[in-house]
Every structure is written in C-alpha cells, then in structure tokens.
Amino acid sequence: MQSYLDTDIMFLKGVGEKRAKLLADEIGVRNFRDLMFYFPFRHIDRSRFYRIREFQGEMPLVQVKGRFISFQMEGEGAKKRLLGLFSDGEKLMQCVWFARADALRNVYRPGVDYVLFGKPTPYRGDFNMVHPEVTPYNPADPPRGFQGVYNMTEKMRKAGYSPKFIATIARNLIDNPRFETIGETLPPEVVDAYRLMPLRDALRNMHFPESAELLQRARERMKFEELFYLQLHILRFARARSRKFQGQIFARIGEKFNGFYADCLPFELTGAQKRVLKEIRADMRTGRQMNRLLQGDVGSGKTMVAFMSMLMAIDNGHQGALMAPTEILASQHYETISAWGAKIGVNVRLLTGSTRAKERREIHEGLLDGSIDIIVGTHALIEDSVRFRSLGLAVIDEQHRFGVAQRARMWAKSPVPPHVLVMTATPIPRTLAMTVYGDLDVSVIDELPPGRKPVETLLRYDENRMEVNRLLGRELAAGRQVYVVYPLIAENPKLELKSVETGYERICGIFPQYEVCFVHGRMKPEAKEAQMQRFVSGQARILVATTVIEVGVNVPNATVMLIENAERFGLSQLHQLRGRVGRGSDHSYCILVTRQSVGGDTRKRLGIMTQTTDGFLISEADMRLRGPGDMEGTQQSGLAFALNVASLATDGQILNYARQAALRILNAHPELVETPGDDGDRAEGELKISPASVDTLRRELCYRFKKTVDWSQIS
Ligand code: ADP
Ligand code: MG
C-alpha cells in the first residue's frame, strides 16, 4: 500500500489539479511529504504575551506588553537611529528603528501601554528588537494564534494565493486521520537514543506549534534528521572508498627521522607540531590510506610537519612529493626543504613548468629509480610523464587552488596509492570541514612558534589617507617593503572601487623614489612570476596587487599590508592577506582602508580583524556573517545550500550528535556500506538497529540523495 506521505499533492483537500501544478512548479511540492517538509521560514507567536526574561536561543516573532521608559536619537545622517527603552514591568529591553527615526520619535509616547511585536535578537549578551511593530494595548482585542509564515513565490502571490494558503492545506493534511499512519523517517533506536521528538509531533509543531518550547524541540529533531542523513551518506561512501584503496604501511620510525629530530632541528617543535606529527604517524601505520587535512594558521610551521612526515615515508623505503600552487611558492619550499634535507643526506629536487628539458629528464629518471627522495614542485608534478618508484606521501600545500581531480591524479602515480596530506592556512570551521570533507581527517596546528609579534591591524577611512601614506613612507624609508591590495584589476565605471591599474599610477606618484611592481590574475603566468620575483628579491619595494598574492608567499622584509576597499573582501581572505606580513622580526601593520559610509555590519566585520588574529575565530565569524555557502571550499560541493532547516554556522552541536549516530550505526551495520569488508577501528561505539530500521535508512538515503552526485569524490 502506498503510504500517506507518498500521495500526490493533487489529492489533498483544498488543492486539486490546477493548484497542484502551481505548487509543483513554484515550490517543488509534489506530494504530501514535500508539503510536510516545506517548513515555515519563521513563526509568529501571538498566542500570548511574552516576558522579556523568557527570551532565549532562537525565538519566533513574539509580542510583549509594557511601556516605553525613554527615547533617544543616535548617529547622524543616513546612520540616524531611534532608540527606545521598553519595560514589561519587570525587565528592560532596547528597541531600535533605523528608518523613519525622526517621524517615529513623536509618535510613541512614554507611559502608554503598548504591545510590541517583533523578533527578539541577541545583542551584547541581551536581546533587543529591531523595528518592532507597536500597537496600543487594548484588552478587548481577541487573542491570536501561533502561526508559521511560509515562503511564496511572486507568481503564487499574483495568482491570488495568500500566505495562509499553505497553512490551510498543511492543516488539512495533518487533520486527516491517515496522518496518524505516517511512519518514522529515523530509526526508532535513534529517536530513543538521542531523545528526539517523534516525527509526527515534530511535523505538527513545525507547522502549528503548541508552544515555543515544543517548536524548538521540533526544529532540533528536523535539524538532526537532516544532518544525520547527510553524514550517513558521506560516511558510507568514504568508508567504501577507504576499503577500495589500501594504504601503505609505514611501520617504523627510522634513521632519517630520528637523525633529523635529534641533531638537525633548527628550532624546537611546538607542542602542536609534535601532536600533529603523532597523528600523521598513527594514520600512516594503519594500512588505511591516509587522507588528512592539516589546518594551521599562516606561520604556524606546516612546512616542517610536511618535511618530517616525508621523512617517515623515506625511512620506510618510499618517496615524498610536495606540490605548491605557484612557482614562487614551490621554489621557496624547495629552498627550505633542500637545506634541511642536505643535513641528513636526503636528495631533494625541484620540478616546475620552467625546469629545462635536460634537467627534467634527469628528474624523471631519478624519481623512477628512486634516487630522488623528495620532489618539490607545481602542477608539473601531476603530468603523466612523472612516475615514481614508490611514492609514499603526497603533500599538497594550500589546497583550495587544487581541484579534487588533480588530487586524484596523484594517487595514480605509484603502484600503491600514496598517503595524502592536504595543508591549508585558511581555517575551515569544523562543522564545515566535517560536512564538506566528510571522512577526511583533520589535524590542527593551533599554536604559533614562540616570539611571534602579532600584526597590528588598523581600520582607516579614506579621510585618513595622509596618515596612512606617512606610515608607508616611514616603513619604506626604514628599508622595508609594502603590499598594496585592490579588489579590482581595472576601474569599472559601475563600481566605485579602486583598482590595481590606477592604484599603480597613484602609488608611483606618491613614492617616486621607490621601485613599484604589480601583479593581477589576468597577467600571463611568466609576467606574474617575473613581477613577483622583483618583489621577493627586494629590488621592488612596493607590490601593487589583487588577491593573487594571497597564498603562501614569504617576504620577511615586508612589514605593511595595505588593503583598499577592505569591505569587499571576506574575513578569511583578509586574514590570508594579513598573513603575508609579520614574518620577520620587525613590527608589522595591516591597514584596512574603507569608506566612512560603510554600514554597521561591515564595520563590525572589519572590526573582528582588528580584535583577533586567531584564524579559527575569524573563519567562524565569517561563516556566521556570510553564511556557509560563500566559504572557501564549499563552492565545489554546493553542499551547504542543500540544507533546509539546519545551519552549519549555528548547529555545530546537533551536527556532532548526528555524526556520532551515523558513525555508531555504520560500525554496527557494515552491510550499509556497499562493499563488504572491515575497517572498524573507529572509537565511536556501535548503535544496533532492527532490520526494519535498516530499511528505513536505505529508503531515506535513496529518497534524499538520488538526485545528487557522489560526494565520496570530495576528499
Ligand atoms: P606555514 O604554516 O604558514 O606554512 P611555515 O612552515 O612557512 O608556516 O613557517 C613559518 C616560519 O616559522 C618559518 O620561517 C619556519 O622556519 C618557522 N618555524 C616553524 N616552526 C617553528 C618552531 N617550532 N619554532 C620556531 N620557528 C618555527
Ligand atoms: Mg606554508
């Protein structure tokens, strides 16, 4: 028998053929299930008056009864706003109006009983209301209910449907006696183990909440369900993959590693470096192919970790490769690593696009016969002509410049696929890493080498131009170098933004006594490298650029990073740019220049940069402010957009539980992973479920992911 939820939406009371087509075309609602999962985007609770002290967590729109105590205007011009202090007789709350501040000032009166209606918004550890609706209190007004507000399209509105329409048909669906026949979409074992609200109650409360508390619990349940299936989906493919690819076993720590560690370390390793090396070592001895993401802020010392990990490969008779996104980065790595290697007789070579044919042949041979231990290079490393005798570890630096497909090509270079270590200085919030990268293990270097001076970050406005130029002049006169970054390559009449082209001329005009070079993304690679080289060598003192310089380049003598139109950049990007300075022993500056007129949110965003240098805090804030969809690393998956109720920015806790549940079920039910086999040393424990529940999982996975791509490709 077809289940109630599978019924075509056409057959729902109040719908019919014509409306069914509209619902399908406009909001993708084709059957009862689609409608039940088409949740209100917000809720209005007019069933009662709230007390201000009750505000907590994620609130619906609510009404509060009370009086204004006082009013106050703040700001000037476009920024002018009206602040009203409101009391419910027990506690105070601030109200803010940005629009029509002057007019409203004379409308609301202190001492009159009002009903405020709005969304309590967390603000400085308390709650305020922005633009609440204000009506005089009238005890004769009939009480109103607790309602959902649904998204409708323009076309639906034009066709004469009110937002109530969806509520009405959802009500019809839920009131039908057959609603009670709906089965769970989660295994009952999971519902019990994680004390979730049962599906029918959750659906009822999502659409027609009985109270704010029950709505909160219903949302938690639906978020859990969504994240649970996503994790289950990702993890089972990742497991299937890790079985397909056997890893090389690096059983021993040998002479090179120990020798280097004992006698040649140029500095004491930080605690974080040691811990990460242990994690990598543990991975590479399991027989499972390592796929590890190493996150560490700029300057945290990832190169040393990469080098010592490659020594583990060499000690076990294999080779190491380090791939960087640009020639400059590759040669910088080569210089560092070959100097370290020389101390212990490790043969290191460099292979890039500009390596000459004769040397290239020599390197190809050396890699095949095993006389080269470590190869450092660019994309040139993944060309088919490059073959290894036995590649044990491939390290990929600054991963976001490499696509997944390129990474996969590294795997095919050696009889047994190498372990893979991907290094990035763009911290990815954990929730995002877990979702986008699935079963990729994550190591974090969360400690900088001792003695680093934090970069002083200044927020300046166009009006402060003179002061900024003086600072630049002072640093240049002291022999230092300066980066100037613009959001655009060329001026665009439509955008009031500064560009590299005009910026270059301007800078040359202000500092005629210094050599200036420039790079941007539309230059030919050779031209770009040549310009960069002028700056790296110190010949050019000022580099004018777009964000192409973002990644990895190391010029310790550069002490100023000046960023024009800083409001145009994401926080993570600003953080990356800032990481280009503060690499030497001198005091360094990052100057963010923006217009005086930028909005409050932008100020807040840029303000975060002046308050912290912690890349993780910054990326978390970035995700909260911009949403996960815009974050580095998500574009290739598009995954973040698929979330319907849950948010990677705010539901980390639920995600943890959902992932744990998925892992425990996979541990207990290897039959859920396509390829049979055994890999189970994950410490999450097991959660056994009934055969009927296993069927539920298969059905739901199929329902949810039949249309999507194979996420296991994203590693
Ligand atoms: P990133 O993580 O940005 O790639 P690098 O590996 O380039 O950082 O390291 C930045 C600088 O810090 C280098 O000059 C490196 O030699 C130095 N360094 C790395 N680890 C330590 C340490 N434990 N103590 C002191 N200096 C270190
Ligand atoms: Mg680096």
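Residues numbered from 1 in each chain as written. Chains lettered and ligands numbered in written order. Predicted model: local features only at pLDDT ≥ 70, side-chain atom pairs only at ≥ 80, totals over all residues. Heavy atoms only, no water.

A. The packing of aromatic side chains, seen in detail. Taken as a whole and assessed by the stated rule, the structure comprises 22 aromatic pairs. On the numbers, 5.1 Å between centres and 75 degrees between planes, the contact of F68 with F86 is edge-to-face. Of this pair, F68 sits in strand β2 (residues 61–74) while F86 sits in strand β3 (residues 81–87), and the two are 18 residues apart along the sequence. Taken as a pair, F68 and F86 share a single burial class, namely buried. Judged by centre distance (5.4 Å) and plane angle (40 degrees), the rings of Y194 and F224 are tilted. Of this pair, Y194 sits in the loop between α6 (188–193) and α7 (199–207) while F224 is found in helix α8 (residues 212–244), placing the two residues 30 residues apart along the sequence. (Phe/Tyr/Trp six-rings, centres within 6.5 Å; stacked < 30°, edge-to-face > 60°. Helix = DSSP H or I, 4+ residues; strand = E, 2+ residues; numbered from the N terminus. Buried < 20%, exposed > 50% of the residue type's maximum accessible area, 1.4 Å probe, protein only.)

B. Structural view of helix α5 (residues 164–175). Here α5 spans 16 Å end to end across 12 residues, near enough to the 16 Å set by a 1.5 Å rise per residue. Those residues of α5 lying buried are F165, I166, A167, I169, A170, N172, L173 and I174. The elements touched by buried residues of α5 are α1 (16–27), α2 (32–36), α4 (154–158) and α7. (Expected span 1.5 Å × (residues − 1). Contact = heavy atoms within 4.5 Å.)

C. Spotlight on the sheet that holds strand β17 (residues 456–461). Strand order across the open sheet formed by 6 strands is β17-β22-β21-β18-β20-β19, with parallel pairing between neighbours. Lying at the two open borders of the sheet, with one neighbouring strand each, are β17 and β19 (516–519). Going from strand to strand, the sheet's axes swing by 20 degrees on average, the running direction of each strand aside. When β19 meets strand β20 (residues 542–545), the two strands line up parallel, connected through 4 bridges. By the bridge assignment, C517 is partnered in β20 with L543. In this fold helix α16 (residues 465–477) packs onto β17, β18 (481–485), β20, β21 (558–563) and β22 (589–594), with an angle of close to 155 degrees to the strand it touches most, β22. (Pairing = 2+ DSSP bridges. Axes fitted to C-alpha atoms, helices over the stretch in contact; angles between N-to-C directions.)

D. Region of the structure containing the packing of helix α10 (residues 271–284) against helix α11 (residues 302–315). Two elements in contact, α10 and α11, have axes whose closest approach is 10 Å; the angle formed by their N-to-C orientations is 35 degrees. The two elements α10 and α11 meet at a crossing, and its hand is right-handed. On α11, the residues touching Q273, V276, L277, I280, R281 and M284 of α10 are M304, V305, M308, S309 and M312. Residues that form the contact of α10 with α11 fall into these classes: 8 nonpolar, 2 polar and 1 charged. (Left-handed = near helix turned anticlockwise from the far one by under 90°. Nonpolar A, V, L, I, M, F, W, Y, C, P; charged D, E, K, R; others polar.)

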